[in-house]
Amino acid sequence: MENTQKKSLKWLWITIALVVVAAIAVWCVISACNGKYVDVKNELGEVVGKKWVGGVTLPINFSATFAMFALLFVIMALGYLIGGIEIKGVSLGTAGVFLVAILFGWLCTLDFGSVPLLNAFHVNSVDDALVKNLKGPIQNIGLILFVGSVGFIAGPRFFKDLAKNFKTYIVIGVIVIISGTAVAVVCTLLTPDYGPEYWAGILSGALTSTPGFSAAQDAATENVARITLGHAIAYPFGVIGVVLFVQLMPKFLKSDMNHERSLLKIGADEEKKDFSKFFMPDQLGFTAFGLAIVAGLLLGAIKIPLTGAGYGGPCFSLGTTGGVLIMTLVFGHFGHIGKLSLQVPHETLKALKEFGLALFLLGAGFEGGVSLVGEISAQSDPGAFVAWGFVGGALMTLVPMVVGFFMAKYLMKLPLLNNLGSITGGMTSTPALGTLCKTAGTDDVAGAYASTYPIALVLIVLACQLMITLM
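Asker: Residues and numbers for the overall build of the protein, please.
Answerer: Within the protein, the regular secondary structure consists of 15 helices and six strands. Per-residue burial for the protein yields a buried fraction of 49% across its 471 residues. Restricting to contacts in the protein with at least 6 residues of sequence separation, those with at least 24 account for 78%. Summed over all atoms, the accessible surface of the protein reaches about 22400 Å², with 67% contributed by carbon and sulfur.

Asker: Explain the pattern of salt bridges residue by residue, including any values.
Answerer: Going through the model one piece at a time under the given rule, you end up with one salt bridge. One salt bridge connects Lys438 with Glu354, and the closest N-O pair in it is separated by 3.5 Å. With a gap of 84 residues between them, Lys438 in helix α14 (residues 430–440) and Glu354 in helix α11 (residues 346–377) connect regions that are remote in the sequence. Glu354 sits in the partly exposed class, given a relative accessible area of 21%.

Asker: Please give an account of the packing of helix α5 (residues 195–206) against helix α15 (residues 446–470) that cites residues and values.
Answerer: At a minimum axis distance of 8 Å, the contact between α5 and α15 shows a crossing angle of 165°. The angle between α5 and α15 falls in the class roughly antiparallel. The chirality of how α5 crosses α15 is right-handed. Contacts between α5 and α15 pair Pro196, Glu197, Trp199, Ala200, Leu203 and Ser204 from the former with Ile460, Ala463, Cys464, Met467 and Ile468 from the latter. Partitioning the contact of α5 with α15 into residue classes produces nine nonpolar, one polar and one charged.

Asker: Could you give an account of helix α3 (residues 95–107), with specific residues and numbers?
Answerer: An α-helical turn contains 3.6 residues, so any two residues separated by three or four positions project in the same direction. Spanning 13 residues, α3 covers 19 Å between terminal C-alpha atoms, matching the ideal 18 Å at 1.5 Å per step. Listing the buried residues of α3 in full gives Ala95, Gly96, Val97, Phe98, Val100, Ala101, Ile102, Phe104 and Gly105.

Asker: Give me the lowdown on the side chain of Thr428, citing residues and values where you can.
Answerer: Within the secondary structure layout, Thr428 lies in the loop between α13 (416–426) and α14. What makes Thr428 buried here is its relative accessible area of 5%. Those residues in contact with Thr428 that lie beyond four places of it in its chain are Leu207, Thr208, Ser209, Tyr453, Ala456 and Leu457.

Asker: I'd like to hear about the nonpolar core, residue by residue, with values.
Answerer: Counting 98 residues, the largest nonpolar core has Leu203 and Met396 as its most contacted members. For this core, the leading source of residues is helix α4 (residues 129–190), giving 18 residues. The next biggest cluster of nonpolar side chains, apart from the first, holds 22 residues, and it includes Ile75, Phe104, Ala358 and Leu362.

Asker: Summarise the packing of helix α9 (residues 286–300) against helix α10 (residues 319–334); cite the residues concerned and give the values.
Answerer: It is at 7 Å that the axes of α9 and α10 come closest, and there the two elements cross at 135°. The angle between the axes of α9 and α10 places the two elements in the oblique class. Of the two elements, α9 crosses α10, and the hand of that crossing is right-handed. Of α10, the residues touching α9 (which contributes Ala288, Leu291, Ala292, Ile293, Ala295, Gly296, Leu297, Leu299 and Gly300) are Gly319, Thr320, Gly323, Val324, Ile326, Met327, Thr328 and Phe331.

Asker: Explain the packing of aromatic side chains to me, and be specific about the residues and the numbers.
Answerer: Scanning the entire structure with this criterion turns up eight aromatic pairs. A ring pair is formed by Phe405 and Phe406, whose centres lie 5.3 Å apart and whose planes are at 90°; its orientation type is edge-to-face. What makes Phe405 buried here is its relative accessible area of 1%. When its relative accessible area of 34% is taken as the criterion, Phe406 is described as partly exposed. One aromatic cluster is present, formed by Phe245, Phe405, Phe406 and Tyr410 through successive ring pairs. Geometry around Tyr410 places Lys409 over its ring, the cationic atom sitting 5.3 Å from the centre.

Asker: So what about the side chain of His231? Which residues, and what values?
Answerer: By the element assignment, His231 lies in helix α7 (residues 224–252). For His231, a relative accessible area of 10% translates into the label buried. Within the structure, His231 has its side chain in polar contact with the side chain of Ser204 (distance 2.8 Å).

Asker: Break down a nonpolar patch on the surface for me, citing the residues and quoting the values.
Answerer: A surface patch of nonpolar side chains, about 260 Å² in accessible area, is lined by Val74, Leu78 and Leu81. Checked against the element boundaries, Leu78 lands in helix α2 (residues 64–83). Overall, the relative accessible area of 35% leaves Leu78 in the partly exposed class.

Asker: How would you summarise unusual backbone geometry if you had to cite specific residues and measurements?
Answerer: Backbone geometry places Lys254, a non-glycine residue, at a positive phi of 50°. Structurally, the position occupied by Lys254 is in the loop between α7 and α8 (257–265). Exposure remark for Lys254: the relative accessible area of 76% places this residue in the exposed category. Even without glycine at this site, Thr428 takes up a positive phi of about 45°.

Asker: Can you break down the confidence of the model for the protein residue by residue, with the values?
Answerer: Of all residues in the protein, 79% attain a pLDDT of 70 or more, and the chain-wide mean is 78. Summarising per-element confidence for the protein, the mean pLDDT is lowest in strand β2 (residues 47–54) (56) and highest in α13 (90).

Asker: Residue-level account of the environment of Ala463, with values.
Answerer: Mapped onto the elements, Ala463 comes out in helix α15. Between the alpha carbons of Ala463 and Ile177 there is a distance of 8.0 Å; along the sequence they are 286 residues apart. Aside from chain neighbours lying at most four places away, what touches Ala463 is Ile177, Thr181 and Leu203.

Asker: Now, about α13: what can you tell me, with residues and values included?
Answerer: In terms of residue burial, α13 counts as a mostly covered element, since eleven of its eleven residues are buried. Listed as buried for α13 are Leu416, Leu417, Asn418, Asn419, Leu420, Gly421, Ser422, Ile423, Thr424, Gly425 and Gly426. In the segment just after α13, Thr428 is the residue with positive phi, at about 45°.

Scoring rules and cut-offs
- Just so you know, the residues in each chain are numbered from 1, in the order the chain's sequence is written.
- For this predicted model, a pLDDT threshold of at least 70 governs which residues receive local features, and a threshold of 80 or more governs which side-chain atom pairs are given and counted, while totals over whole chains, interfaces and linings are taken from all residues.
- For side-chain calculations, the full set of non-hydrogen atoms in the structure is used, while hydrogens and water are omitted.
- Under the scheme used here, helices are H or I runs from DSSP no shorter than 4 residues and strands are E runs no shorter than 2 residues, and both carry numbers assigned from the N terminus.
- To sort residues, take the accessible area from a 1.4 Å probe on protein chains only and compare it with the maximum for the residue type: under 20% means buried, over 50% means exposed, and anything in between is partly exposed.
- Contacts: residue pairs with any heavy atoms within 4.5 Å of one another.
- Note that accessible areas follow from Shrake-Rupley with a 1.4 Å probe, and for residues the cover is restricted to the protein chains shown.
- A carboxyl oxygen of Asp or Glu within 4 Å of a side-chain nitrogen of Lys or Arg is what we treat as a salt bridge.
- For helices, the axis comes from a line fit to the C-alpha atoms of the stretch in contact; other axes are also lines fit to C-alpha atoms, and the angle between any two N-to-C directions lies between 0 and 180 degrees.
- Any angle from 65 to 115 degrees is called roughly perpendicular, while one under 35 is roughly parallel, one over 145 is roughly antiparallel, and all others are oblique.
- Take the far helix as the reference: if the near one is turned anticlockwise from it by less than a right angle, the crossing is left-handed, and if turned clockwise, right-handed.
- In this count, Pro and Cys sit with the nonpolar residues alongside Ala, Val, Leu, Ile, Met, Phe, Trp and Tyr, while Asp, Glu, Lys and Arg are called charged and the others, Gly among them, polar.
- Under the convention used throughout, the expected extent of a helix is 1.5 Å for every residue step, that is, one less than its residue count.
- We define the nonpolar core as a collection of buried residues of types Ala, Val, Leu, Ile, Met, Phe, Trp, Tyr and Cys that are connected through side-chain atoms lying within 4.5 Å of one another.
- A pair of Phe, Tyr and Trp rings is counted when the ring centres sit within 6.5 Å of each other, with Trp represented by its six-membered ring. The angle between the planes then sorts it: under 30 degrees is stacked, over 60 is edge-to-face, the rest tilted.
- Throughout this description, the term charge over a ring refers to an Arg CZ or Lys NZ atom that lies within 6 Å of the ring centre and within 35 degrees of the ring normal.
- Polar contact is defined as a pair of N or O atoms within 3.5 Å, subject to the rule that within protein one atom must be able to donate a hydrogen and the other to accept it, and that residues adjacent in sequence are counted only when both atoms are side-chain atoms.
- A patch consists of residues whose relative accessible area exceeds 30% and which take part in no salt bridge; residues with like charges are grouped when within 9 Å of each other, and nonpolar side chains (Val, Leu, Ile, Met, Phe, Trp, Tyr) when within 5 Å.
- Confidence of the predictor at the level of single residues is captured by pLDDT, which takes values from 0 to 100.

Right, dumping it as structure tokens:
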């Protein structure tokens, strides 16, 4: 009886959704058929533009705020629907939001001038306010929420795990970045006309590294647009490739996840502390979370000059990701300041981690869809650029993962989940960590990610800069 009711409710909601979509489609068609453009004239009677009048209208204010939030939640809803589709136990998960965001970014560049409802979402370039809002505040808030949650989750076990596997994690980070950079150098030598700027952009996209992308832009004196193009071409596969890798490897190896989880905890268990006598300002832990985030942002803002030009030249900083990750690890490890509790409940962290990851992927995907259209259309031979960039970027994503994984497995004898966690850190892949936590059935894999991430972050920044300055 209960199953019958659930099925009835399911089909009810599907019917309602179809009716709403059909109604919007009909309204758009009627508007397009009945409306028309009229000239807009200035005080001198000169035609300065056109505007759409007539057709069917609705008493709705299609403001910039409306467009941003409408896109945000529509993309998120469709992304989770697609991400939830499983094929032989493998799914995109939250990365589905990224793919839908890329699609919507492309769709919003189309001319919807004859359809009043849809023209509110039209964008011309990445400089439009809608793109900047989704790419800037929305994406950065998502990144902070996700990385901060990961730090608090990994904090209690992080330092013991780091002490045991410190050298191994450093080696994996080095192997991953050097492997990817070697592929990028080979591609640069094979296609000298494209220039090192293009392949540095491909490398930063293949390793999903925004700091690497920024470092390449700072080092470039020409062809800066090619860095953006390369990053946009390689980034989608960089996200999806690692997400699928961490799901497929346990299946290929026919791993017993219960056994792997037990190995993950060996040497990483920590004595549980009783925080019941400490003062906790709020039950959801937002006070502790907020303090850690502010401390992380301050740490990430510190810049270290890399050349004799001082702060006027290329500089290294941990950035938002590195700073927030380190400080939340510290807060999560100690758990209190005096009698003030720094505990954040696991359910709070779980919700913030998932929501933050979705916002991050949404902002990155939407901006990527828009920029990809603009940058490709500006090239004289866009087909060749895309083809070479996609193949090269795919190799820069796959080769480091495969080399790093098998060296960690057979030479360093690292357990599977420590291995995959370290690979996601070496690839600086925030989305893949979220997927790995679900695949592993535990958030403890975040410790290996957090241990490898800093060395990979430093190396990818240096690699992208050196490719441009030395080649």
